[in-house]
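Descriptive structure summary
Residues per chain are reported as follows:
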Amino acid sequence: MGEESEMASASADRHLLQKIAKILNETRTSYATHNRKLKELATVRSKLSSPESDESSSVRRFSSVFFKTLTPLFIAAQRRTAAAERIVRFVAEFACLRSNSGGDSECEEFLDEFLKFLISGTVAANRNARFRACQIISEIILRLPDDVEVADELWDDVIDCMMLRVRDKVPVIRTFAVRSLSRFVNDPENSDILDLLLEVLPLEQNPEVRKTIVLSLPPSNATTQAIIDCTLDVNESVRKAAYSVLANKVPLQSLSIKLRTTILQRGLADRAVNVSKECLKLMKDQWLSNYCQGDPIEFLKYLDVETYESVAESALEVLLSEGLIMPTDDKSIQQYILSADGEARDESACSPPNIQLMEPEIALYWRIICRKLHNSAQAKGSDAATAMGAEAAVYAAEASDANDFLERILPATVSDYVSLVKAHIEAGPNHHFASRQLLLLGTMLDFSDAMLHKTASSFVQELLHRPFEQELDEDGNSIVIGDGINLGGDKDWADAVSKLAKKVHAAPGEYEEVILVVVEELARPCRERTADFLQWMHMLSLTSLLLENGKSLHSLQGKAIEPEEILHALLLPGAKHTHLDVQRIAVKCLGLFGLLEKKPSEGLVRQLRVAFCRSPPAISIMASKALVDLGMWHSPTEVDKALGQDLLSQFEDESIDYVPIDLSNAEEDLNLKTLDLLYAGLESDDWREYTESSDDESVKATVGEGFAKLLLLGEKYPNLPASFYPFVLGKLIALYFSEESKEQLRFKQCLSVFFEHYASLSEKHKGYVSKAFVPLMRSMWPGIDDNSKSSSYVVSTQRKRAVQASRFLLQMMQTPLYKPPEDSIQTPLDRTEEGLAIRIAIEMVSFKGNKTAAEKAYVAALCKTLVLLHLKPSEQNVVKLMKKLLSRVADSVCSEKELLKEVKLVLEHLKSLDASPSEEISQDEANSIFETLGVKYDLDITAPATVQQTPAPCSKRPAPSRRRARIQESSSDEDEEVASPPPPSAPNTLMTRSHRASKAAALAKIMASKVKIREADEDIEEEDEEGSSDVTADDSDESAE
């Protein structure tokens, strides 16, 4: 009976399996069948339960058969086909199915069994099993209703498994694990889930996993910064997901002003159209519509337009281009210009207007609106001029409408405009931003009428005569408010005044004439030595404004003050003024004046050199900028010629042994060329002092950027010495990897862009990189050129930094050119990786004999770099020479087994490239290659390359059994060995028991004593010569083994 019962049960299980399999197969075709098949499968499960049977056992029976049916889905290594995805979704829906007849206990028990089954699958060795288990778990968790009761212990097991799978090696498994945890991440009791996601997000390599993590993060102070950081992700979909999360989850008020502007700045300027559209959707649908009720002024208040003007301007322009904002006819600037009775001012009114002050957001808003209308009118007018017929009429009508709208917005008269701007200027610093926005509105007004021109010209004169604002410190000294360089203490303010002056005085030469008249007036007390430092600064700021907008000194001739007079009567005396702020702005003017000269004058160049060497940091920085600009514009050679004397230079020698120059020493001879003088600033040690005193600027950063430009545009300066390029390139790389440059973010960014393009622009640049490699490594490696002692930590850090620099140079050498050379043109050897390999090999061979710890580490680092070079078939002479050199390298590193192994790999590669191994390279050919590379090395081709033995050579004693059999012959055998010293051990037969040095010393004494025995027993030795040969051969074989 028992067997029949088991057979009946097995038959029932097979029948049940067939039913389940049939239902699952039918769900593969379409999602439309799922509802009907869910009912069928639920019916099958419920029929197993009967009043007589245990409900729990029937559920377990159904679950067992159901899991067996699903097993092929877990085992088969199949792709994510549509049919399989439908089955996964159907299974998840069935697991979440609730019974309408009140049998929820049956459903909950099946869910528990199913989750336990899936948990076991998440730890399977098979990747497809783990993938399907995590996929189904994620589907169940996301579909499961909130009222379903699942044991807390089971949920804990599920969460633990999913947290473990977040670090799985398969990206798709990590994706579904994160998706599963997304439902629990908001629970305060599961804070470890959020910590895990924030930990793995910056380390995740797969973009789909990063996207899933971003979409799973909840809005909180801990996650906001991580989400915003993802707006800089390299993958477009991740950036888009970040903006989607910011729009749907993060309230505008919860973000700081800096974060709001950062989001808009990155999103609106994103290179991917989909990302910029997502950012526009965030700004339009959420921030503008939901939080600001469509009011653009209210929207600007969230952005702090005074601090982040450019971001607010970009946001307004995008909204305008999309047609989302546009003022109505009843809104204009004229409503801020009221009559005495408070009503809107009429054009015919004669009484002074009553001005209502604008807020910064309103002033910026109207400037952008007016500029948009002004540009639109000009563009449509140009289109109408080039079009014909009806098309021209349409464009002309559109231009006319834009002009009419602009006229309704702008002040009715120029007098009203002037009154509006003056009121804001006189209102004090709090309305400085609004005043500047209104100044820029003047570029859209028409000043062609004589009366209007006179009114506007008088206003411009007032602006030019307006001195720097100042305040008194505790000691009663005057302190300038602003940068102390530009007119009004603000670069943007000076530009706005200049644009308005150019619009009012648009006739040729009129702009220069107006400013020079004011300069000449302000210069009178300066010439008479009665002016204070504020008057000097005011006069020089106007001169700077003129020189910045001037095209040549010829346009300044014949005016109120001549160019020569400006230089000798104003700029040079200002550079020697006792007040440092006056010196700084005078040095800036000297640099601008030199750019307008056809050739730099002697007095100007000499004063800039003195200011660079002898002045405090702020002035020295300004002088370095001026000297770099003059060198780039006129060429360094022309700048040196201006002094009219022979100057010294350390860059003239082919091999530069740089001698430091102390710029702070007043007695130091300055009879140096401009490049040497600037390089001395690059070698200065006062980096941090400059950084603290000059707002993230320094002489090193300024000169370094200038040298980077010179290297990049080297073909434009043919008179520069050839040794200058690799020497300065090595210095820039050393600065890039130095510890001190970490705080110089702008400088490092500049150098990173420079290095990215430098090696790819020209083969000649690769030659400079190759030539700079060895000197740079020697200078950066501690204990080679620098013998100063440091702690082990400092030495380790310096070595790591030098290795990073070597890898960086190697990457530059292997970067492909933007414009590859023609196949018919052979690349010179000194610009190839083979040439760099020869340089490195020569440097390694130069360390002979006993080496210090620093030298051993240095040679090891060079060897590891050497094996990374891609050596390809080229001239056979180069291959043969490399074999010779690497043989010497193997000799120098024979005690380092790992290094020797790497060198042997390179030697094997070279042997495969050698077309004629039997032929040797001649001495003349080797010397010719060295001459091509510009290196000096005395290589004796005829000398054999031998590998030194280890300190404990292998013992050559015969086997004990032979010695016992023929003691006399054994003695003669050993004598034979002494008479014929063994050949040098090959690298692969090195002694493995070198630690027994004492035994080796004893053996050496025994062998020396046997030399005397050999001289006395020559006859015995001849008699046993053949046997001795056999023993030697045997011993050699044993040693080789």
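Under the annotation held in an unreviewed UniProt entry, the chain carries the name Nuclear condensin complex subunit 3 C-terminal domain-containing protein and is attributed to Thlaspi arvense. In its Subcellular location (unreviewed entry) section, the UniProt record describing the chain reads: "Chromosome".

1. Some details on the overall build of the chain
Across its full length, the chain carries 46 helices and 4 strands. When contacts within the chain are restricted to residue pairs at least 6 apart in sequence, long-range pairs at least 24 apart make up 72% of them. Of the roughly 52100 Å² of accessible surface on the chain, a fraction of 50% belongs to carbon and sulfur atoms.

2. A short note on the packing of aromatic side chains
Tallying each qualifying case throughout the model produces 31 aromatic pairs. For the ring pair Phe-62 and Phe-66, a centre distance of 5.8 Å and an interplane angle of 20° mean the geometry is stacked. Here Phe-62 pairs with Phe-66, and both are found in helix α3 (residues 55–75), just 4 residues apart, close to one helical turn. The exposure classification of Phe-62 matches that of Phe-66, with both residues buried. A ring pair is formed by Phe-62 and Phe-94, whose centres lie 6.1 Å apart and whose planes are at 55°; its orientation type is tilted. Here Phe-62 is found in helix α3, whereas its partner Phe-94 is found in helix α4 (residues 82–95), with 32 residues between them in sequence. Each member of the pair, Phe-62 together with Phe-94, is buried. Between Arg-86 and the ring centre of Tyr-31, over which it is positioned, the NZ or CZ distance is 5.6 Å.

3. Examining helix α13 (residues 257–268)
When the terminal C-alpha atoms of α13 are compared, their 17 Å separation across 12 residues agrees well with the 16 Å that a helix rising 1.5 Å per residue should span. Taken residue by residue, α13 has Leu-259, Arg-260, Thr-261, Thr-262, Ile-263, Leu-264 and Gly-267 as its buried positions. The inward-facing, buried residues of α13 contact α11 (221–229), α12 (236–249), α14 (273–291), α15 (296–301) and α16 (309–321).

4. Regarding the confidence of the model for the chain
A low pLDDT score tells you not to read the predicted coordinates there in detail. Averaged over all residues, the pLDDT of the chain equals 82, while 83% of them reach at least 70. Low confidence marks residues 687–694, where pLDDT is under 50. Its contacts with residues over four positions away, or in another chain, come to 23 contacts. Low confidence marks residues 1009–1041, where pLDDT is under 50. Its contacts with residues over four positions away, or in another chain, come to 37 contacts.

5. Quick look at the environment of Arg-584
Within the fold, Arg-584 resides in helix α26 (residues 580–596). With 10 residues separating them in the primary sequence, Arg-584 and Gly-574 have C-alpha atoms 8.8 Å apart. Once residues within four sequence positions are removed from consideration, Arg-584 is found in contact with Asp-483, Gly-484, Ile-485, Ala-618, Ile-619 and Met-622.

6. Structural notes on the pattern of salt bridges
Inspection of every chain in the model, using the stated rule, returns 40 salt bridges. The partner of Glu-204 in a salt bridge is Arg-174, and the shortest N-O contact between them spans 2.7 Å. Note that Glu-204 is positioned in the loop between α9 (191–200) and α10 (207–216) and Arg-174 in helix α8 (residues 171–181), a separation of 30 residues in sequence. Overall, Glu-204 belongs to the buried group, its relative accessible area being 11%. A salt bridge links Glu-920 to Lys-884; its shortest N-O distance comes to 3.6 Å. Taken as a pair, Glu-920 in the loop between α40 (897–913) and α41 (923–933) and Lys-884 in helix α39 (residues 876–892) lie far apart in primary sequence, 36 residues in all. Residue classification places Glu-920 among the exposed residues on the basis of a relative accessible area of 53%. Classification of Lys-884 as buried rests on a relative accessible area of 17%.

Rules behind the numbers
Residues numbered from 1 in each chain as written. Predicted model: local features only at pLDDT ≥ 70, side-chain atom pairs only at ≥ 80, totals over all residues. Heavy atoms only, no water. UniProt positions renumbered as here; feature names shortened; annotations may be inferred. Helix = DSSP H or I, 4+ residues; strand = E, 2+ residues; numbered from the N terminus. Contact = heavy atoms within 4.5 Å. Areas by Shrake-Rupley, 256 points an atom, 1.4 Å probe, with all protein chains shown as cover. Phe/Tyr/Trp six-rings, centres within 6.5 Å; stacked < 30°, edge-to-face > 60°. Buried < 20%, exposed > 50% of the residue type's maximum accessible area, 1.4 Å probe, protein only. Lys NZ or Arg CZ within 6 Å of the ring centre and 35° of its normal. Expected span 1.5 Å × (residues − 1). pLDDT = per-residue confidence, 0-100. Salt bridge = Lys/Arg side-chain N within 4 Å of Asp/Glu carboxyl O.

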